[in-house]
Amino acid sequence: MKQDNPSRQFRESLAEAVRMAGVEGVEISSAVYDDRSAFVEASRRGLPGAAVKQAVNAVGHRELFARLLGTTAGNLSRFYRRRVLAPLQSEALLDVLRLFVLAASAFDSRERGDQWLVTEVPAMGGKRPVDLCDTFEGRALVREALHKIEYGEFP
């Protein structure tokens, strides 16, 4: 019996996490979720504005995306029509999408991952993880917590 290639298993589990998180509808390369070089290149090139709308439609949290892009929820639609986002905006958007994939993966469910993201977490100063995702350092805290959850280290 032929054993599966570990990298194939990883790609399949990543594809499942992307599907589970509901972000497969965002028209970006799936490589950005696990390949740092692809992430950097996509950020530098800039994502199309349509990716913002696709992300909001895929995961919700319109207010988060508005804060992330430095606008209001009412003006977010202006970003939808942009040909290309600035590199820093693209990087932040990609990073948030990676967090949604990580949350779905850590909890083996989009629903449970989303529930954790919107629940006040005592270990995070009573803040909701989703409310921390509009800054680089906030996303780093959320990512660390999700990795600890994956490995059973989070209280």
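Residues numbered from 1 in each chain as written. Predicted model: local features only at pLDDT ≥ 70, side-chain atom pairs only at ≥ 80, totals over all residues. Heavy atoms only, no water.

**Q** Could you clarify how one ought to interpret the packing of helix α3 (residues 50–59) against helix α6 (residues 87–107) in this entry?
**A** For any two helices packed against each other, the geometry comes down to the angle between their axes and how far apart the axes lie. Between α3 and α6, whose axes approach to 11 Å, the crossing angle comes to 20°. Classed by the angle they form, the pair α3 and α6 counts as roughly parallel. Viewed along their axes, α3 and α6 form a crossing whose handedness is left-handed. Residues Ala51, Val52, Ala55 and Val59 of α3 touch α6, and the partners they reach there are Leu93, Leu97 and Phe100. In the contact of α3 with α6, the residues fall into seven nonpolar, no polar and no charged. (Axes fitted to C-alpha atoms, helices over the stretch in contact; angles between N-to-C directions. Helix = DSSP H or I, 4+ residues; strand = E, 2+ residues; numbered from the N terminus. Parallel < 35°, antiparallel > 145°, perpendicular 65-115°, else oblique. Left-handed = near helix turned anticlockwise from the far one by under 90°. Contact = heavy atoms within 4.5 Å. Nonpolar A, V, L, I, M, F, W, Y, C, P; charged D, E, K, R; others polar.)

**Q** Sorry, what's going on with the packing of aromatic side chains here?
**A** Two aromatic rings are characterised by how far apart their centres lie and by the angle between their planes. For the coordinates displayed, the defined rule picks out one aromatic pair. Seen in terms of ring centroids, Phe107 and Trp116 are 5.9 Å apart; in terms of plane orientation they differ by 35°. Their pairing is tilted. Grouping residues by exposure puts Phe107 and Trp116 together as buried. Here Arg82 stacks its cationic end above the ring of Phe79, 4.0 Å away from the centre of that ring. Geometry around Phe39 places Arg98 over its ring, the cationic atom sitting 4.0 Å from the centre. (Phe/Tyr/Trp six-rings, centres within 6.5 Å; stacked < 30°, edge-to-face > 60°. Buried < 20%, exposed > 50% of the residue type's maximum accessible area, 1.4 Å probe, protein only. Lys NZ or Arg CZ within 6 Å of the ring centre and 35° of its normal.)

**Q** Looking at this structure, how should I read the nonpolar core?
**A** In summary, soluble globular proteins display a tendency toward joint burial of nonpolar side chains. Val23, Tyr33, Phe65, Leu93, Trp116, Val142 and Leu146 are the most contacted members of the largest nonpolar core, which totals 51 residues. Apart from residues lying up to four places away in sequence, Val23 is in contact with Val18, Tyr33, Ala58, Val59, Leu97 and Val101. (Core = buried A, V, L, I, M, F, W, Y, C linked by side-chain atoms within 4.5 Å.)

**Q** Looking at this model, I keep getting lost on the pattern of salt bridges. Mind explaining?
**A** On inspection of all chains with the given rule, the structure shows eight salt bridges. Two residues, Asp95 and Arg98, come together in a salt bridge whose shortest N-O distance is 3.5 Å. Of the two residues, Asp95 and Arg98 are both situated in helix α6; the distance of three residues between them amounts to about one turn of the helix. Owing to a relative accessible area of 7%, Asp95 belongs among the buried residues under this scheme. Looking at Arg98, the relative accessible area reads 22%, which means it is partly exposed. Between Asp131 and Arg128 there is a salt bridge, with the nearest N and O atoms lying 2.8 Å from each other. Overlapping salt bridges, with partners in common, bring together Asp95, Arg98, Arg139 and Arg143 in one network. (Salt bridge = Lys/Arg side-chain N within 4 Å of Asp/Glu carboxyl O.)

**Q** What exactly am I supposed to notice about unusual backbone geometry here?
**A** In terms of backbone geometry, most residues other than glycine have negative phi values and most peptide bonds are trans. A positive phi angle is found at His61, which is not glycine, with a value near 55°. The phi dihedral of Asp108 falls on the positive side, at around 55°, and the residue is not glycine. Summarising the element assignment, Asp108 is placed in the loop between α6 and α7 (110–117). The exposure class of Asp108 is exposed, given its relative accessible area of 58%.

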